[in-house]
Amino acid sequence: MPQIRPPHILFELIMTKRCNLRCDYCPLRFEERSMSKEVMDLTIRFIRENRSFFEKFSINFFGGEPLLEFENIKYFLSETRKLDLDYSLGTNGLLLDKKKLLFLNEHEVRTFLTLDHASGAKTGRLAEVLKGEDLSLLTVNLVIAPQYLDRYPAFIKEARDWGVRNFTLLPLCSISMGWDGPSLEKLRSLVGLMRKESRKEEYALHKCTFEMDYSGLNEYVIDWDGRVFADFRTISWLFKQSALVSPGLRKEVDRASYVGRIGSIGLDQLLEGHKPGLLEENSRILMRRLLKEGSVQELTDLLEPVAKFS
Ligand code: SF4
């Protein structure tokens, strides 16, 4: 057994590569693929056998759009309910309804609902779904593009009227989105407004950043087909999934982060497969190729002070 017991492990389950939306910034390569019951069972078995090794074990249901596989999520939750896991799910909200929200609340699944500049069409329906419900486990992820910044204050107000009290600010900085002086200034005002509001009321504001502290957290992606990758959240997810990245480069990152197949790997192999140095280096190389470094630095600096409201 490994000598050091990491306190926290996170499995990000790619429930499907399908999505019922086509966001203009989405880097995903869509495929008609979803996680099978067999892969879920192997994952559950791994968790059951190794649960006691970790203080905290988190599961994030992800995709594509994970609510397209809601029955599978229900199955996974029912099979693991005695294992003391910490659950979360990221969704575009199109398939969210009161029944699902209630179910997710009952199973203590923290839900991250993404809204962006094009979400106008879904907000009317979401108001119906969310109003009057317990939203303490719900966070609205605000995906912000520089050219649409003016829309967000009204958007935030609307979400607050629904009862939302948790927001994550996600400026689209992972691809070159054209942030410039004036748009950064607007973003600064928005951050200021949210900080002011968060003092007045009880809602949290999280930051988007490129450098996160992952000490103590071992994070793995369990792909729909059971392949396991050591991961650095969005950064390597973006690189691995992205249509923006050349196939050769993607393979490089895959190779660097590939651990094995669920069902065939043991805990030792899993932990050994976490190669932060290598992943960080790959991330840096890819970041340099993909991003306008000036904008990235400015955004990171700008959002840094927001951390204390998290
Ligand atoms: S909802 Fe998510 S997965 Fe679907 S298209 Fe938009 S960004 Fe991509």
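Residues numbered from 1 in each chain as written. Predicted model: local features only at pLDDT ≥ 70, side-chain atom pairs only at ≥ 80, totals over all residues.

1. Remarks on the overall build of the chain
Within the chain one finds 11 helices and 10 strands. Counting only residues that meet the buried cut, the chain has 33% of its 310 residues in that class. Restricting the contact set of the chain to residue pairs at least 6 apart, pairs at least 24 apart contribute 79%. (Helix = DSSP H or I, 4+ residues; strand = E, 2+ residues; numbered from the N terminus. Buried ≥ 20, exposed ≤ 12 C-beta atoms within 10 Å, placed from the backbone. Contact = placed C-beta atoms within 7 Å.)

2. A word on the site of the ligand
Close to the ligand lie Cys19, Leu21, Arg22, Cys23, Cys26, Leu28, Gly63, Gly64, Glu65 and Asn92, which account for all nearby residues. Counted by class, the shell around the ligand contains 5 nonpolar, 3 polar and 2 charged residues. (Near = placed C-beta within 6 Å. Nonpolar A, V, L, I, M, F, W, Y, C, P; charged D, E, K, R; others polar.)

3. Section: the confidence of the model for the chain
Looking at the chain, pLDDT values average 79 and 69% of them are 70 or higher. Segment residues 208–215: pLDDT under 50, and 12 contacts once partners within four positions in sequence are set aside and those in other chains are kept. When the criterion is pLDDT under 50, residues 239–243 qualifies, and its contacts beyond four places in sequence or with other chains add up to 15 contacts. (pLDDT = per-residue confidence, 0-100.)

4. Examining the environment of Leu149
Mapping Leu149 onto the fold places it in the loop between β5 (138–144) and α5 (152–162). Of the residues examined, Leu149 has 20 C-beta atoms within 10 Å and is grouped as buried. Measuring from C-alpha to C-alpha, the distance between Leu149 and His117 comes to 8.2 Å, with 32 residues separating the pair along the chain. In contact with Leu149, not counting residues within four places along its chain, are Ile144, Ser183, Lys186, Leu187 and Leu190.

5. Some remarks on α5
The set of residues buried in α5 consists of Tyr152, Phe155, Ile156 and Ala159. Projected down its long axis, α5 carries its buried residues within an arc of 95 degrees, all on one side. Turned more than 90 degrees away from the buried face of α5, the exposed residues are Ala154, Lys157 and Asp161. The positive-phi residue at the C-terminal boundary of α5 is Gly163, with phi of around 110 degrees. (Arc of directions from axis to C-beta.)

6. Comments concerning the packing of helix α1 (residues 37–50) against helix α2 (residues 70–80)
Axis angle and axis distance: for two packed helices, these are the angle between their axes and the distance between the axes, and together they describe the pair. Packing of α1 against α2 leaves a shortest axis separation of 11 Å and a crossing angle of 25 degrees. It follows that α1 is roughly parallel to α2 by the angle criterion. The handedness of the crossing between α1 and α2 comes out as right-handed. Across the interface between the two elements, Met40, Ile44 and Ile47 of α1 pack against Asn72, Tyr75, Phe76, Glu79 and Thr80 of α2. Here the residues of the contact of α1 with α2 are counted per class, giving 5 nonpolar, 2 polar and 1 charged. (Axes fitted to C-alpha atoms, helices over the stretch in contact; angles between N-to-C directions. Parallel < 35°, antiparallel > 145°, perpendicular 65-115°, else oblique. Left-handed = near helix turned anticlockwise from the far one by under 90°.)

7. Side note on the nonpolar core
Soluble, globular proteins show a tendency: their nonpolar side chains are buried together. Of all hydrophobic cores here, the largest spans 53 residues; its most connected members are Leu13, Ile14, Leu142, Ile144, Tyr220 and Ile222. Discounting residues that sit within four places of it in the chain, Leu13 has contacts with Met35, Thr43, Ile59, Asn60, Phe61, Phe62 and Ile222. (Core = buried A, V, L, I, M, F, W, Y, C linked by C-beta atoms within 7 Å.)

8. Considering the environment of Phe76
Along the chain, Phe76 falls in helix α2. Since 24 C-beta atoms lie within 10 Å of it, Phe76 is described here as buried. Taking the C-alpha atoms as reference points, Phe76 and Thr43, separated by 33 residues in sequence, lie 9.4 Å from one another. Those residues within four positions of Phe76 in sequence are excluded, and the remaining contacts are Met40 and Ile44.

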